Amino acid sequence: MEGGIHKAESTEFRDLLYLTSKQPFILRLAFSAGIGGLLFGYDTGVISGALLYIRDDFSEVEKSTVLQETIVSMAVAGAIVGAGAGGWMNDRFGRRPSILIADLLFLAGSMVMCFAPSPAVIIAGRVLVGLGVGMASMTSPLYISEASPARIRGALVSTNGLLITAGQFLSYLINLAFTKVTGTWRWMLGVAGVPALVQFVLMLALPESPRWLYRKDRKAEAEEVMRRIYPPEEVDAEIEALRVSVEADMAQERSLGGAGGTLRKALGSAVVRRGLTAGVLCQVAQQLVGINTVMYYSPTIVQLAGFASNSTALALSLVTSGLNAAGSVVSMFFVDKAGRRRLMLLSLAGIVACLAMLSGVFFAVDTHSPDVSIAGTAALSPGANGTCPEYALAAAAGGEEWTCTQCLRAPSGCGFCADAADKLLPGACLAASDAARRACRAGGAAGRREWYARGCPSSFGWLALVALGAYIVSYSPGMGSVPWLINSEVYPLRFRGVCGGIAAVANWASNLLVTQTFLSMTQELGTAGTFMLFCGVSAGLFILLFLVVPETKGLQFEEVEQMLGSKDYKAWKKFNPKA
C-alpha cells in the first residue's frame, strides 16, 4: 500500500515476533526509519514547554501572542512545504536519501534554535525543523511499508504512529528535566538534534526501498535487499510478486498520462469524489476539534487554569501526553471490533462534552478570579516599573473594582501578583516587566508570592486538568488515529497516492490555522469563549462526519470501491457487498 497506513491485524503481531527472530534485519530497518515518527512527535511536544521560557527571555515574545503563535506554527508551515517537496524527492531520489535530507534539516533547525540570539532566528530554525518533519512524516511510513514483509507490514507501520506519541511523551520528560538548568529552552530545542543524528547514522548503513529500486530498473539491487528481508524459502515468491506489482503500477500510470492525468481522472470519478470528501473531512476534523491547541500549548493552558509555575505546568502537561500515547495503543486493539465510523463518532461526541466542560471551567475561573488590592498594588509599585497603566487610570477615576482577569487582559500587558498568605485573596496589578516579576517573587510577610501572567489563581484549576485529560482520552483512540486509517481505505488503489497527498495537505493546513490563531482567540474571546467555539465547531463536524463518512470495517478494497460507486450510496447505511 504505497504511501498509506496499513492496519495491523492481531495475527500480524504474532508473525512479527516470529519473523524478526529469524530475520533481525527487519526490526533494525523498521526501528531506524521509525525514528522519523519520534522526531515528528518530539517537535510537536517540545515547543509547548520551550515557549514558556522563550517568553521569559524575550520581552517582545511575552507581549505578543501573534509572535508566540508564529514561533509555534512556522514548523507547521514548513511541514506543509516539506511534505509537498518530500513527495517529489521520494520519487526522484528515493526513500532513503529523503530521510537522510530530512535528518539534516531537522539537525540544522535544532542547532539554529539552540543558539538563536533573537525570536526571528528561532522562527527560522522552526521553519527548517518543519521542513524535516514534513518530509519524515510521509517518508518514514512509506519506507517501512515498502521494505517490510507483506504479512507483518501493518504491525511494523503501526509502530511509526506509536513512536509519534512516544516522541510527544519524551519531549515533556525532556522539558521537565531542563527546567532548572541554565538556558532551559535552548537545551529543550537543541536535544532534538540527537535522535536526528542517530537516525542519519543508522540510515547510512541501510539499503534503499526494494520497490523504488525495482521501479528504477535496478532489479539486481532490489533482489539483494529482499534476500536480507525475507526468509530464504520465501524470497523467490516475493521477488516475483514485486515484479508483477511494479509492472502493473507502471503500466497503469502510463495509461493515465502521468501525475496530471491521474489527478484529472481522479476528480472525474464519483467513487473518488465521495472517498476524497470523506477522507479530507476526516483530516480537517482531526485538527479543527482543537487537538493541537492541547499538544502545542498544553502548559500554557495549564497556566490559564491558574497554575503559575512553569515547572508545575510542564509536569501536569506530561499527563496529557501520556494519555495520548496510551490512546494510540487502545485504538490498535479496538478499531477492528468497534468499526471506524462508530469509534470516530463516539470519540467526537466525547470531545464535544469535554470542550463544553473546559469552557464552563474557564468561565468559572474568570468570574471568580481574585480582586485587585489598591494597597497591595501601591506597596509593590515603587520596586517595579509601576502600576498597570489601565488599572491606575481606573483607580484614579474611582471606577469599579478590578479583578485579576481584567488585569491580565489590559492592552498594555500587565501581570497579577498574588497575596503571599492566600493566592485567592486580593493581589497587586502591575505593569508586566522583569522588575515587577522579581519584586513579586521576592516574597512577603507570609512567604513567597506567585506571579501570574497567563491565568489567574483559582480553586477550579484541577477541574480544568480533569477535563483536559478526558478530552485526550476521548480524542486519541478515535479522532487521533481513525482519520489516517479511513484515508488508507476509501481511495481506489490507482488513485491512492494523489488523494492521500491532497488529504495530507488539508491536515497540515488545518493544523496551521488552529496553531496560528489559538492564543489570539483566547485574547479576544477569552479562554472560555475559545473552547466554546471549538465545542460548536466539533458539534458541526459530528453532523458532517455522520453524513459523509462510511463504515469500511471488514470490507476489501474492491468492496469499498463498489460501495462508494453504488447509485443508492448513503454513508450512514450499512453496505452489503453480496447484495
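The model shown is predicted, which means the values in this text are computed figures rather than measured ones.

(A) Looking closely at the overall build of the protein. Looking only at helices and strands, one finds 25 helices and 3 strands in the protein. Expressed as a percentage of the 579 residues in the protein, the buried residues total 54%. Partitioning the contacts of the protein with sequence separation of at least 6, the portion at a separation of at least 24 is 80%. Total accessible area on the protein stands at roughly 23200 Å², and carbon and sulfur atoms take up 64% of it.

(B) Representation of the state of the cysteines in the model. Taken as a whole and judged by the stated rule, the model has 4 disulfides. Covalently, cysteine 388 is tied to cysteine 414 through a disulfide, its sulfur atoms 2.1 Å apart. Residues cysteine 388 and cysteine 414 are joined by a disulfide whose S-S torsion is about 75°; by sign, that bridge is right-handed. Of this pair, cysteine 388 sits in the loop between α18 (374-380) and α19 (389-396) while cysteine 414 sits in strand β1 (residues 414-417), placing them 26 residues apart in sequence.

(C) Structural context of the confidence of the model for the protein. Scored by pLDDT, the protein comes out at a mean of 80, with 84% of its residues at no less than 70. Ranking the helices and strands of the protein by mean pLDDT puts helix α5 (residues 95-114) first, with 93, and helix α1 (residues 10-22) last, with 56. In this model residues 1-11 is a low-confidence stretch, pLDDT under 50, and it forms 34 contacts with partners more than four residues away in sequence or in other chains.

(D) Representation of the packing of α5 against helix α9 (residues 193-204) within the structure. As a packed pair, α5 and α9 sit with axes 9 Å apart at the nearest point and diverge in direction by 155°. When the axis of α5 is compared with that of α9, the two are roughly antiparallel. Relative to α9, α5 is oriented so that their crossing is left-handed. Contacts from Arg96, Ile99, Leu100, Asp103, Leu104, Phe106, Leu107 and Ser110 in α5 reach Gly193, Ala196, Leu197, Gln199, Phe200, Met203 and Leu204 in α9. Here the contact of α5 with α9 is built from residues that sort into 10 nonpolar, 3 polar and 2 charged.

(E) Quick peek at unusual backbone geometry. A positive phi angle, near 65°, is found at aspartate 217, a position not held by glycine. Tracing the sequence through the fold places aspartate 217 in the loop between α10 (210-215) and α11 (219-229). Judged by its relative accessible area of 57%, aspartate 217 falls in the exposed class.

(F) Geometry of the layout of surface pockets. As a volume, the second largest pocket reaches approximately 550 Å³. Lining of the second largest pocket is provided by 24 residues; of these, Leu408, Arg409, Ala453, Arg454 and Gln523 occupy positions nearest its centre. If you list the elements that add at least two residues to the lining of the second largest pocket, you get α3 (59-63), α17 (340-367), α20 (404-408) and α24 (496-548). Counting residues per element, the lining of the second largest pocket draws most heavily on α24, which supplies 4 residues. Taken together, the residues of the lining of the second largest pocket break down into 11 nonpolar, 8 polar and 5 charged.

(G) Main features of the pairing of β1. On β1, burial covers both faces: Cys414 and Phe416 on one face and Gly415 and Cys417 on the other are all buried. Strand direction decides the pairing type here: β1 and strand β2 (residues 428-431), joined by 4 bridges, are antiparallel. Looking at β2, one finds that cysteine 414 is bridged to alanine 431. The pairing of β1 with strand β3 (residues 451-452) spans 2 bridges and is antiparallel. Bridging from a neighbouring strand, phenylalanine 416 pairs with tyrosine 452 of β3.

(H) Quick peek at the pattern of salt bridges. In the structure shown here, the tally under the stated rule is 7 salt bridges. The salt bridge partner of arginine 55 is glutamate 62, with a shortest N-O separation of 3.7 Å. The burial state of arginine 55 is the same as that of glutamate 62; both residues are buried. When the shortest N-O distance is used, the salt bridge between aspartate 434 and arginine 437 registers 2.4 Å. With aspartate 434 and arginine 437 both in helix α21 (residues 434-441) and 3 residues apart, this pair spans about one turn of that helix.

(I) Region of interest: the nonpolar core. With 57 residues, the main nonpolar core has Ile351, Leu355, Phe362, Tyr471, Met479 and Leu545 as its most contacted residues. Secondary structure elements with two or more residues in this core: α14 (270-288), α15 (291-304), α17, α22 (461-475), α23 (482-487), α24 and α25 (557-565). Setting aside residues up to four positions removed in sequence, phenylalanine 362 forms contacts with Ile301, Leu304, Ala305, Ala464, Thr527, Ala528 and Phe531. Grouped together as the second largest cluster of nonpolar side chains are 36 residues, Tyr42, Ile47, Ile123 and Leu314 included.

(J) Representation of helix α6 (residues 119-146). Along its 28 residues, α6 runs 40 Å from first to last C-alpha, staying within 8% of the 40 Å computed at 1.5 Å per residue. Alanine 136 marks the point of greatest bend in α6, at about 30°. Of all 28 residues making up α6, 21 are buried, and the element is well covered by its neighbours.

(K) Summary view of the sheet that holds β1. Ordered in space as β2-β1-β3, the 3 strands form an open sheet in which the pairing is antiparallel. Each having just a single partner strand, β2 and β3 make up the two edges of the open sheet.

(L) Seen up close, a nonpolar patch on the surface. A surface patch of nonpolar side chains, amounting to about 390 Å² of accessible area, comprises Ile543, Phe546, Leu547 and Trp572. The class of leucine 547 is partly exposed, set by a relative accessible area of 42%.

(M) Region of the structure containing the packing of aromatic side chains. Applying the stated rule across the entire model yields 7 aromatic pairs. Where phenylalanine 518 meets phenylalanine 531, the ring centres are 6.2 Å apart and the plane angle is 65°; that geometry is what we call edge-to-face. In terms of burial, phenylalanine 518 and phenylalanine 531 fall into one category: buried.

Conventions we followed
Residues numbered from 1 in each chain as written. Predicted model: local features only at pLDDT ≥ 70, side-chain atom pairs only at ≥ 80, totals over all residues. Heavy atoms only, no water. Helix = DSSP H or I, 4+ residues; strand = E, 2+ residues; numbered from the N terminus. Buried < 20%, exposed > 50% of the residue type's maximum accessible area, 1.4 Å probe, protein only. Contact = heavy atoms within 4.5 Å. Areas by Shrake-Rupley, 256 points an atom, 1.4 Å probe, with all protein chains shown as cover. Disulfide = S-S within 2.5 Å. pLDDT = per-residue confidence, 0-100. Axes fitted to C-alpha atoms, helices over the stretch in contact; angles between N-to-C directions. Parallel < 35°, antiparallel > 145°, perpendicular 65-115°, else oblique. Left-handed = near helix turned anticlockwise from the far one by under 90°. Nonpolar A, V, L, I, M, F, W, Y, C, P; charged D, E, K, R; others polar. 1 Å grid on protein atoms, 1.4 Å probe; cavity = no way out; pocket = protein on both sides within 12 Å on 5 of 7 lines; lining within 4 Å. Points joined across faces, edges and corners; volume = space filled by probe spheres on them. Pairing = 2+ DSSP bridges. Salt bridge = Lys/Arg side-chain N within 4 Å of Asp/Glu carboxyl O. Core = buried A, V, L, I, M, F, W, Y, C linked by side-chain atoms within 4.5 Å. Expected span 1.5 Å × (residues − 1). Bend = angle between axes of the 7 residues up to and from the residue. Patch = residues over 30% accessible without salt bridge, like charges linked within 9 Å, V, L, I, M, F, W, Y side chains within 5 Å. Phe/Tyr/Trp six-rings, centres within 6.5 Å; stacked < 30°, edge-to-face > 60°.

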